[in-house]
Amino acid sequence: MNHNAIYALYPQVKIIDDGTGAFDAQGNKVEINADAVNAWVNPNAYKGQRAAAYPSIQDQLDLLYHGGMDAWKAAITAVKQEFPK
């Protein structure tokens, strides 16, 4: 089960047990639409993707030194375009 999707789509859910289901604060079972959960896309996923794709700080500094600000901006912009907000 995608816990992040369930918490985002069903704010009343407080506890998720992969074996028994999702429950609210009073312990009542909350019916979950599996299709909606599976279709959910994390709106913050781009943050981790960008962080992994950016050149290291050392490589960025090297790019600035050897290629200048325009080369550095081009490298950063390419990552931002590949993983848009």
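Here the structure is a predicted model, which is why all the values come from computation and not from measurement.

Enquirer: Mind laying out the environment of Q60, listing which residues take part and the relevant values?
Expert: Its location among the elements puts Q60 in helix α4 (residues 57-82). Exposure remark for Q60: the relative accessible area of 14% places this residue in the buried category. Each C-alpha atom, one on Q60 and one on A71, is 9.5 Å from the other, the two residues being 11 residues apart in sequence. If near-sequence neighbours (up to four positions away) are discounted, Q60 is found in contact with Y54, P55, W72 and I76.

Enquirer: Tell me about the environment of R50, and name the residues and values.
Expert: Along the chain, the position of R50 falls in helix α3 (residues 45-53). Taking relative accessible area as the criterion, R50 reaches 10% and is therefore assigned buried. Residues R50 and V13, 37 residues apart in the sequence, show an inter-C-alpha distance of 30 Å. Not counting the four nearest positions on each side in its chain, R50 is found in contact with V79, K80, F83, P84 and K85.

Enquirer: Help me get a handle on the nonpolar core, residues and values and all.
Expert: Residues A5, I6, Y10, V13, I16, A22, V30 and V37 constitute the largest nonpolar core, which totals 8 residues. Sequence-distant contacts of A5, defined by excluding residues within four places in its chain, comprise V37 and W40.

Enquirer: Could you give an account of the sheet that holds strand β3 (residues 29-30), naming the residues involved and the relevant values?
Expert: Pairing is antiparallel across the open sheet formed by 3 strands, whose spatial order is β1-β2-β3. If you trace the sheet from one side to the other, it starts and ends with β1 (15-17) and β3, each paired once. Bridging between strand β2 (residues 21-23) and β3 involves 2 bridges; their strand directions are antiparallel. By the bridge assignment, F23 is partnered in β3 with K29.

Quick notes on the rules
Residues numbered from 1 in each chain as written. Predicted model: local features only at pLDDT ≥ 70, side-chain atom pairs only at ≥ 80, totals over all residues. Heavy atoms only, no water. Helix = DSSP H or I, 4+ residues; strand = E, 2+ residues; numbered from the N terminus. Buried < 20%, exposed > 50% of the residue type's maximum accessible area, 1.4 Å probe, protein only. Contact = heavy atoms within 4.5 Å. Core = buried A, V, L, I, M, F, W, Y, C linked by side-chain atoms within 4.5 Å. Pairing = 2+ DSSP bridges.

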